[in-house]
Amino acid sequence: MSTAKITPSATAISATIKHLSLRPNPNRTLFTTRISVPGIGRRPRNLGVAVSAKATEPLEVCVKESVTTPNKLGDCPFTQRILLTLEEKHLPYDLKLVDLRNKPEWFLNISPEGKVPLLKLDEKWIPDSDVITQALEEKFPEPPLATPPEKATVGSKIFSTFIGFLKSKDSNDGTEQALHSELTAFNNYLQENGPFINGKAISAADLSLAPKLYHLEIALGHYKKWSVPDSLTYLKSYMKTIFSMDSFIKTRAQPEDVIEGWRPKVEG
Ligand SMILES: N[C@@H](CCC(=O)N[C@@H](CS)C(=O)NCC(=O)O)C(=O)O
């Protein structure tokens, strides 16, 4: 375990910060070159090879620490979304593991809400996965991951209906049906428009939804003995494809942490 260099006010407690350094796949190109061909009276034409701002120093990200295995990444679908974005943009990053059951003072000083993920960009800590995703897209536009606005909310009700069903104590209260309807609508969307939300290429909306589907699969399997119906073939194949990506495997939570993470919602 190494110590982390963070803001001067936190230097005194830096020795207590658990820190993991992760780098994207070294086989991928880190630096690319943008070639623009100015035409007469036309906007410069981008020939497709791009130079964007690239982080030379790893970006710092505060993440939940595992509750089952010390010094490991814990379960948080919002955090995995950010790590996937960093991976897909080939940006190096350092994880600062935070014990959310016993939040350290240095963390509460930089995160007034006490929530992860938190990412440091231009010397400022940014909270909230929506805001972080947008900030990363603006600062590091290559490769572009933004989902067109008209598709950005596809599948967005799946997570809340999953939680409704997970918490339900009455098998006839319609929560299972509500989740089934959302999953079916998403399956049908993929059949028409897939294999990803924005068609052929993975984009920000997939990187947000896939970690939530991963939680859904593990938590409902464990607490409800329920799984996504085999009849939803497009959804099944979507999950299989994304869950087996190197970037997903590298940033996913351990199943035991997912189970422990949802226990209070199920039992509470
Ligand atoms: N809207 C936030 C939600 C973040 C969030 O709820 N994070 C959880 C962990 S998954 C958290 O930090 N909870 C605080 C706690 O458990 O005390 C985002 O998108 O980043």
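The structure this text deals with has already been given above.
A few points on the structure.

Rules behind the numbers
Residues numbered from 1 in each chain as written. Predicted model: local features only at pLDDT ≥ 70, side-chain atom pairs only at ≥ 80, totals over all residues. Pairing = 2+ DSSP bridges. Helix = DSSP H or I, 4+ residues; strand = E, 2+ residues; numbered from the N terminus. Axes fitted to C-alpha atoms, helices over the stretch in contact; angles between N-to-C directions. Parallel < 35°, antiparallel > 145°, perpendicular 65-115°, else oblique. Contact = placed C-beta atoms within 7 Å. Nonpolar A, V, L, I, M, F, W, Y, C, P; charged D, E, K, R; others polar.

1. Focus on the pairing of strand β6 (residues 118-121)
In terms of strand pairing, strand β4 (residues 59-64) meets β6 through 2 bridges, oriented antiparallel. Looking at β6, one finds that C62 is bridged to L118. Note: β6 against strand β7 (residues 124-127), 4 bridges, orientation antiparallel. Along β7, the bridge assignment pairs L121 with K124. The hairpin formed by β6 and β7 contains 2 residues between the paired strands, and D122 there has a positive phi angle of roughly 50°.

2. Concerning the packing of helix α1 (residues 77-88) against helix α3 (residues 129-139)
Look at α1 against α3: their axes get within 10 Å of each other, and the N-to-C directions meet at 5°. Taken together, the axes of α1 and α3 lie roughly parallel to each other. Residues F78, R81, I82 and T85 of α1 touch α3, and the partners they reach there are S129, I132, T133 and L136. A class-by-class count of the residues in the contact of α1 with α3 yields 4 nonpolar, 3 polar and 1 charged.

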